[in-house]
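The primary structure of each chain is shown beneath.
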There are 2 protein chains.
Amino acid sequence: MKGTLYGIGVGPGDPELITLKAVNILKKIDVVIAPRTQKNEKSTALNIAMPHLRQNTEILELVFPMVYDENQLNEAWLDGKNTILNLLEQGKQVAFLTLGDPMLYSTYIYIFRLLAPHRVDIQTIPGITSFCAAGSRLGYPLAEGNDIVSIIPATCGQDKLARALDYSDSVVLMKVYRNINEVVDQLKSHHLSEQAVMISKCGHPDETIHYQIDRSADLKPVYLSTILAKKSLSKQVE
Amino acid sequence: MKGTLYGIGVGPGDPELITLKAVNILKKIDVVIAPRTQKNEKSTALNIAMPHLRQNTEILELVFPMVYDENQLNEAWLDGKNTILNLLEQGKQVAFLTLGDPMLYSTYIYIFRLLAPHRVDIQTIPGITSFCAAGSRLGYPLAEGNDIVSIIPATCGQDKLARALDYSDSVVLMKVYRNINEVVDQLKSHHLSEQAVMISKCGHPDETIHYQIDRSADLKPVYLSTILAKKSLSKQVE
């Protein structure tokens, strides 16, 4: 196949937190693909990429359902795959955008796997993760020395969460939303709540930050918040 | 204090994996500080920053010993702190460089803490982590869905390592070196070795990549290698 697919991490949302490498690739590509989960949702990744594109770059906003099942690939996923393959066969240079980093919890991972058997030339460009952005924004060191830091989707289930909190010195809880009370209870019982901070829409104009989440009676996180937490030195895993 | 200290993550080593935000700050600062652990070591972070500095930007290479003990601050650390405070009092805009991300296992974290009581205006700029760069370079998804991914310094001790491997779906092992055989044995017994990949000097001209590390009899990693590993689907944590 003549074209190359570039999987590009555009960072967590701040347009300046994109890499020079991503910008240099966006400047030369023919087609940019911005994945969406819903038809009416605005693509933040596309907004970040836009100023770096040439005027004649083709923009494709493809809808990919959030639920992905390798055994039940639905039409949207197969259509997306075929669209990309057709473009690459035409010799086009194609960019597939991802918020954050392409190899961490992204739609791109599925597209990457779907394309792998087709001998496509793929280059993946890493991006700034949302939790690194949150750590810098809050002045919150995520790990030092021999600390183990775990990245945990808050949707992973109570038992799994409990075990992970047990062995980690420091945690990043992603996608905190409806289960906030359970999450805070678990953080409390694992000595992780005192220094915990919850941040929503980090770096956006409507960013919110909550300290002392263990003392707030009625926390209602904005959709998809992140909690950074760490054990006090005396409680660290040995 | 009139000046601002910028803690800048310059990414994992590839000069293009620096953010626009970092570049824009480097263009306007008066002094750049590149920390070193040894006097004769070349600063990769400084090499990455150099093309973005103005000609009259002052460059300070400060030596910070690798071992840090809050209760036994030695002269080098205190000198470094005082140097920065003096510059900020003069109204200078100062950048402190870090490879990778400033809030993950960096010298910057200690300087950040030392300066905190002095009411310094500090802005921290996140960077691309070495493990995100490795994931993209290798086409190795680090986490998807409800996966828990743990970042583990291989120097953390056998018991701590064992517990972390037990409850993680996916792991990043940092600083793998002399204890490589112990690490591989532990990965084997936790169903993490089959898909493991070891990468050294990711993105550098002398990069090395080892697959099938569980079948290599005599692995000798270059100083500070990284291993990416994940459980096969059937062994994942539930």
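This write-up is about the structure you can find in this document. Here the structure is a predicted model, which means the values were calculated and not measured.

## Some remarks on the sheet that holds strand 3 (residues 58-63) of chain A
Residues and elements named next belong to chain A. Spatially, five strands are ordered 3-2-4-1-5 in an open sheet, and the strand pairing comes out parallel. The outermost strands of the open sheet, each flanked by one partner alone, are strand 3 and strand 5 (121-125). Averaged over neighbouring strand pairs, the angle between their axes works out to 20° when direction is ignored. Alignment of strand 1 (residues 4-9) against strand 5, held across five bridges, turns out to be parallel. Opposite Leu5, over in strand 5, you have Ile122 as the bridge partner.

## With respect to the relation of the copies chain B and chain A
It takes a turn of 180° to lay chain B on chain A, together with a shift of 0.0 Å along the axis; the resulting RMSD is 0.0 Å. On this basis, the relationship between the two copies can be described by a two-fold rotation axis. Comparing interface residues between copies, 98% of those in chain B also sit at the interface in chain A, which points to an isologous, same-surface contact.

## Observations regarding the interface of chain B and chain A
Across the contact, 57 residues belong to chain B and 56 residues belong to chain A. Both faces combined, the contact of chain B with chain A buries some 4700 Å², and carbon together with sulfur accounts for 61% of it. Per-residue buried area on chain B facing chain A is highest for Glu16, Leu20 and Lys160 of chain B; these three make up 13% of the total on that side. Scanning the region where chain B abuts chain A turns up six salt bridges. Between Lys21 of chain B and Asp14 of chain A there is a salt bridge, with its nearest N and O atoms 2.4 Å apart. Residues of the side of chain B that touches chain A, tallied by class, amount to 30 nonpolar, 14 polar and 13 charged. Examined bridge by bridge, strand 6 (residues 149-153) of chain A and strand 6 (residues 149-153) of chain B share three bridges and lie antiparallel to one another.

## Quick notes on helix 4 (residues 107-115) of chain A
All names here are of chain A. Of all nine residues making up helix 4, seven are buried, and the element is well covered by its neighbours. Three or more residues of helix 4 are buried, namely Tyr108, Ile109, Tyr110, Ile111, Phe112, Leu114 and Leu115. Close packing links the buried residues of helix 4 with strand 1, helix 3 (75-89), strand 4 (94-98) and strand 5. For helix 4, the N-terminal cap is Ser106; the gap from its side-chain oxygen to the backbone nitrogen of Tyr108 is 3.3 Å.

## What to know about the nonpolar core
Membership of the largest hydrophobic core comes to 121 residues, with the highest contact counts inside it found for Ile8 and Leu97 of chain A together with Ile8 and Leu97 of chain B. In contact with Ile8 of chain B, other than residues within four places in its own chain, are Ala22, Ile25, Leu26, Ala95, Phe96, Leu97, Thr98, Pro102 and Ile125 of chain B. Leu173 and Val183 of chain A together with Ile152 and Leu187 of chain B belong to the second-largest nonpolar core, a separate cluster that totals 43 residues.

## Points about the side chain of Asp169 of chain A
When you line up the elements, Asp169 of chain A lands in the loop between helix 6 (158-167) and strand 7 (170-176). Taking relative accessible area as the criterion, Asp169 of chain A reaches 0% and is therefore assigned buried. A polar contact is formed between the side chain of Asp169 of chain A and the backbone nitrogen of Ile148 of chain A, at a distance of 2.8 Å. At 2.7 Å, the side chain of Asp169 of chain A forms a polar contact with the side chain of Lys160 of chain B.

Definitions and cut-offs
- Residues numbered from 1 in each chain as written.
- Chains lettered and ligands numbered in written order.
- Predicted model: local features only at pLDDT ≥ 70, side-chain atom pairs only at ≥ 80, totals over all residues.
- Heavy atoms only, no water.
- Pairing = 2+ DSSP bridges.
- Helix = DSSP H or I, 4+ residues; strand = E, 2+ residues; numbered from the N terminus.
- Axes fitted to C-alpha atoms, helices over the stretch in contact; angles between N-to-C directions.
- Least-squares fit on C-alpha atoms with pLDDT ≥ 70 in both.
- Contact = heavy atoms within 4.5 Å.
- Buried area = accessible area lost by both parts, 1.4 Å probe.
- Salt bridge = Lys/Arg side-chain N within 4 Å of Asp/Glu carboxyl O.
- Nonpolar A, V, L, I, M, F, W, Y, C, P; charged D, E, K, R; others polar.
- Buried < 20%, exposed > 50% of the residue type's maximum accessible area, 1.4 Å probe, protein only.
- Polar contact = N/O pair within 3.5 Å; in protein donor to acceptor, adjacent residues only side chain to side chain.
- Core = buried A, V, L, I, M, F, W, Y, C linked by side-chain atoms within 4.5 Å.

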